[in-house]
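Structure at a glance
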Amino acid sequence: MANKAKVLILLVAALITATCFDGVHAKAKGAKKPSTSAREQAVVKSPYFVKATQAYQKGNFRDAISNFELCDRSGGCCQWTHYYLGLSYQGINQLGPAYQHFQWVLARGTDPNLRRYSQYASDSLSYYANNRTYGGQGAIASFSRASAGGGGVSSGRG
């Protein structure tokens, strides 16, 4: 059961990524333009973000996390950075940090599709955390309590 849930989560992440990512995000002909500010457009073209997305696409999630975190600390805090941090942490089965990044997007993101994908990812992570057959690391509830006093995903930037 745990392997099926993990495969399901990774499949969902891959489908979400394929749906909304072509360098940054796809725009279908005739589709409404995603709500992305000029600052976000500059962030997603930054070398750190580009390198991070390339690592993510190759499945090198730890390298992607390092580069997305560097981008985030270097003024690149935006809904896309946090969304891909969530997917990358999910890729290494770190549920707590992944959940926190998806929650950041839900609280501060402006792109309706990205918010919907983040909600779906959060729901999937919650389901997986509650139905796996072992405690594992990065449990959502324990991470949320541990980060309540500080640390964890910063929420003051962006």
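Computed from a prediction, not measured in an experiment: that's the story for all the values here. (Residues numbered from 1 in each chain as written. Predicted model: local features only at pLDDT ≥ 70, side-chain atom pairs only at ≥ 80, totals over all residues. Heavy atoms only, no water.)

Section: the overall build of the protein
Basically, it comes down to this: Helix and strand definitions follow DSSP, with helices as H or I runs of at least four residues and strands as E runs of at least two, each counted in order from the N terminus. Relative accessible area decides the class of each residue, using a 1.4 Å probe on protein chains only: under 20% of the type maximum gives buried, over 50% gives exposed, and in between gives partly exposed. Whether two residues are in contact is decided by their heavy atoms, any of which lying within 4.5 Å being enough. For the accessible areas, the method is Shrake-Rupley and the probe is 1.4 Å, while residue cover comes only from the protein chains on display.
Summing up its helical and strand segments, the protein has eight helices and zero strands in all. Residue burial in the protein is summarised as follows: out of 158 residues, 46% are buried. In the protein, 64% of the contacts between residues at least 6 apart in sequence involve partners at least 24 apart. Split by element, the accessible area of the protein, about 8300 Å² in all, is 54% carbon and sulfur.

Regarding the nonpolar core
Soluble globular proteins tend to bury their nonpolar side chains together. In plain terms, the rule: Residues belong to one nonpolar core when they are buried, are Ala, Val, Leu, Ile, Met, Phe, Trp, Tyr or Cys, and are joined through side-chain atoms within 4.5 Å.
Grouped together as the largest cluster of nonpolar side chains are 31 residues, with contacts concentrated most on Phe-49, Tyr-56, Phe-68, Trp-80, Tyr-83, Tyr-84 and Phe-102. Setting aside residues up to four positions removed in sequence, Phe-102 forms contacts with Tyr-83, Gly-86, Leu-87, Gln-90, Ser-118, Ala-121, Ser-122 and Leu-125.

Some words on the environment of Thr-81
With respect to the helices and strands, the residue Thr-81 is situated in helix α5 (residues 79-91). The exposure class of Thr-81 is buried, given its relative accessible area of 0%. The spatial distance from the C-alpha of Thr-81 to the C-alpha of Val-44 is 8.1 Å, given a sequence separation of 37 residues. Not counting the four nearest positions on each side in its chain, Thr-81 is found in contact with Val-43, Phe-49, Phe-68, Cys-71, Asp-72 and Gly-76.

Re the environment of Arg-39
Note that Arg-39 resides in helix α2 (residues 38-44). Each C-alpha atom, one on Arg-39 and one on Cys-77, is 9.7 Å from the other, the two residues being 38 residues apart in sequence.

Quick word on the packing of helix α6 (residues 95-108) against helix α7 (residues 112-131)
Put simply, the rule is: An axis is simply a line fitted to the C-alpha atoms; with a helix, the fit covers only the stretch in contact. Between two such axes, the angle follows the N-to-C directions and lies from 0 to 180 degrees. Orientation categories follow fixed angle ranges, with anything under 35 degrees roughly parallel, anything over 145 roughly antiparallel, 65 to 115 roughly perpendicular, and all other angles oblique. By definition, any crossing whose near helix is turned counterclockwise from its far helix by less than a right angle is left-handed, and any crossing with a clockwise turn is right-handed. Residues are sorted three ways: Asp, Glu, Lys and Arg are charged, Ala, Val, Leu, Ile, Met, Phe, Trp, Tyr, Cys and Pro are nonpolar, and all the rest, Gly among them, are polar.
One can describe the packing of α6 onto α7 by two numbers: an axis separation of 9 Å at closest approach and a directional angle of 150°. Between α6 and α7, the angle is such that the two are roughly antiparallel. In this structure, α6 meets α7 at a crossing whose hand is left-handed. From α6, Leu-95, Ala-98, Tyr-99, Phe-102, Gln-103, Val-105, Leu-106 and Ala-107 reach across to α7, where they touch Leu-114, Arg-115, Ser-118, Gln-119, Ala-121, Ser-122, Leu-125, Ser-126, Tyr-128 and Ala-129. Along the lines of polarity and charge, the residues of the contact of α6 with α7 split into twelve nonpolar, five polar and one charged.

Topic: the confidence of the model for the protein
A low pLDDT means the predicted coordinates there should not be read in detail. Here is the rule we go by: Every residue is assigned a pLDDT by the predictor, reflecting its confidence on a scale from 0 to 100.
Within the protein, residue pLDDT values average 75, and 61% of them lie at 70 or more. Least confident of the elements in the protein is helix α8 (residues 140-146), whose mean pLDDT is 47; most confident is α5, at 96. Scored below 50 in pLDDT, residues 142-152 makes seven contacts in the model with residues more than four places away or belonging to other chains.

Describing helix α4 (residues 61-73)
Inclusion rule: A helix is expected to reach a length of 1.5 Å times the quantity of its residues less one.
For α4, which comprises 13 residues, the first-to-last C-alpha distance of 18 Å matches the rise-based estimate of 18 Å (1.5 Å per residue) to within 8%. If you check which residues of α4 are buried, you get Phe-61, Ala-64, Ile-65, Asn-67, Phe-68, Glu-69, Cys-71 and Asp-72. Buried residues belonging to α4 abut α2, α3 (47-57), α5 and α6.

Some points on the packing of α5 against α6
Where α5 contacts α6, the two axes come as close as 8 Å, and the packing angle between them is 155°. By the criterion of interaxial angle, the relationship of α5 to α6 is roughly antiparallel. Crossing handedness for the pair α5 and α6: left-handed. Residue-level contacts link Gln-79, His-82, Tyr-83, Leu-85, Gly-86, Leu-87, Tyr-89 and Gln-90 of α5 to Pro-97, Ala-98, His-101, Phe-102, Trp-104 and Val-105 of α6.

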